Amino acid sequence: MKFAVKQPMEQFTRQSVSQAQRFWFRRPWLVVGLAFTMLLLAVGGAYWLFLPRVQPLALPKVPAHLSMADLGLSDWQSYQQPLPLDALNNPQLPSVPQVKPDLAALQYAAGLALLKQQQVDRGLAYLRAAAEAAPDNLRYGNDYRLALRTQMHYDQEEQFFAAQLAKYNTPTARINLALSYVDQMRSCPPPPDGLVCQAQFSSHSISQLDIVLAEQPYNVVARYARGLNHLYWPGLMGHLPRAQQDLSYAVALTRPLSAISNSFTGDAYTALGDVFAKDNQIDAARNVWLNGLQVVPDSSLLKSRLNIAKDKLADEESGSLRGLGVYVETDMSLFWTKER
């Protein structure tokens, strides 16, 4: 009987190594391919490791089928219509402004043209007539209020829209009245002396917007306006949670609002991120802005926020960006101005 002679283990090892060397030596393309694959995996892994992770936002649930009336923008299409051409030379333009609905668009255009010519009193008179003739028209009321603000006629803003509200009791008049209080903050002394004055006007504005939102909880103009009111208060005053709630709704409402080609979406995401940044929740703030860029990738406002150094962001928010001494922009036209 013959027995197989076992070869030493070392001999098997040497033979295996030698065979493997001959295999790779005769197939250099496999070596290059494997090395290239490993390099791609390393680079890809590093990319995904350092790529900012965008987490979905926890936004309030809103009804699936909101109308433009629910959003407070039922007449948005008329707001995007071009102005009557050469309004000042139109024979139908009355020499003295008249409160007539059929003349509202013409007198509105004439008022804006006169303001450009520095004929302020006449321009304001025609704008006022247009706003009186169409008390539900956000565009007319907004531009008349802004024209008064430019001339620093803050008391006239309040008086006009308070009278409109008393006469017609429309959400449009109430929102403009609320924004007139925000505009009046510009009349207060600079901080710190004017902080109490500004806080009082902001509180008046919030009270009016509370009434609108009690009746129209998805009015995006009122939501955004109230959110901004809360956002500009100092963080220690406890308004940031309320700002977060309103501005979260504002962002959620950009989805049904997308039927309108408008410039609002970037502003909504910016403001919501500012809430977190002002509260020193820097990563959460940047996540909001990155979410916004996925929706409006060309937003210069969102990009500018993301370019601020993380260690300076909270101070910037409480100072030059959203401090109580900073003027709040109350122009509502971003809700219907066509996106550029």
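Provided above is the structure to which this section pertains.
Rules used in this analysis
Residues numbered from 1 in each chain as written. Predicted model: local features only at pLDDT ≥ 70, side-chain atom pairs only at ≥ 80, totals over all residues. Heavy atoms only, no water. 1 Å grid on protein atoms, 1.4 Å probe; cavity = no way out; pocket = protein on both sides within 12 Å on 5 of 7 lines; lining within 4 Å. Points joined across faces, edges and corners; volume = space filled by probe spheres on them. Helix = DSSP H or I, 4+ residues; strand = E, 2+ residues; numbered from the N terminus. Disulfide = S-S within 2.5 Å. Phe/Tyr/Trp six-rings, centres within 6.5 Å; stacked < 30°, edge-to-face > 60°. Buried < 20%, exposed > 50% of the residue type's maximum accessible area, 1.4 Å probe, protein only. Lys NZ or Arg CZ within 6 Å of the ring centre and 35° of its normal. Core = buried A, V, L, I, M, F, W, Y, C linked by side-chain atoms within 4.5 Å. Contact = heavy atoms within 4.5 Å.

## A look at empty space enclosed by the protein
Stage number 1. Using the criterion set out here, one finds three cavities of 30 Å³ or more in the structure.
Stage number 2. Considering only enclosed or pocket space, the largest cavity measures out at about 130 Å³ in volume.
Stage number 3. L179, A225, L228, E329 and T330 are, among the 14 residues lining the largest cavity, the residues nearest its centre.
Stage number 4. Among the secondary structure elements, those contributing two or more residues to the lining of the largest cavity are α8 (171–184) and α10 (220–231).
Stage number 5. Ranked by the residues each element gives to the lining of the largest cavity, the list is headed by α10, at five residues.

## Focus on the state of the cysteines
Stage number 1. Going through the model one piece at a time under the given rule, you end up with one disulfide.
Stage number 2. Across the disulfide, C188 is cross-linked to C197 (sulfur-sulfur distance 2.0 Å). Because the sign of the S-S torsion sets the handedness, a value of about -70° for the bond joining C188 and C197 places this disulfide among the left-handed ones.

## Let's talk about the packing of aromatic side chains
Stage number 1. Per the stated rule, a full pass over the model turns up seven aromatic pairs.
Stage number 2. Ring plane angle 55° and centroid distance 4.9 Å describe the contact between Y79 and W336, whose orientation is recorded as tilted. Of the two residues, Y79 is situated in helix α3 (residues 76–79) and W336 in the segment after α16 (310–321); the sequence distance between them amounts to 257 residues. The exposure classification of Y79 matches that of W336, with both residues buried.
Stage number 3. In this structure an aromatic cluster arises from ring pairing among Y144, F160 and F161.
Stage number 4. If you follow R223 out to its NZ or CZ, it ends over the ring of Y249, 4.1 Å from the centre.

## Some details on the nonpolar core
Generally speaking, a soluble globular protein has its nonpolar side chains buried in company with each other.
Stage number 1. Within the largest apolar cluster, 79 residues are counted, with the highest numbers of intra-cluster contacts made by L73, V220, L231, F264 and F335.
Stage number 2. The element that contributes the greatest number of residues to this core is helix α13 (residues 264–278), accounting for eight residues.
Stage number 3. The residues touching V220, leaving out its near neighbours within four places in the chain, are L71, L73, A250, L253, L257, F264 and F335.
Stage number 4. Listed in part, the seven residues of the second largest apolar core include L106, A109, A110 and Y126.

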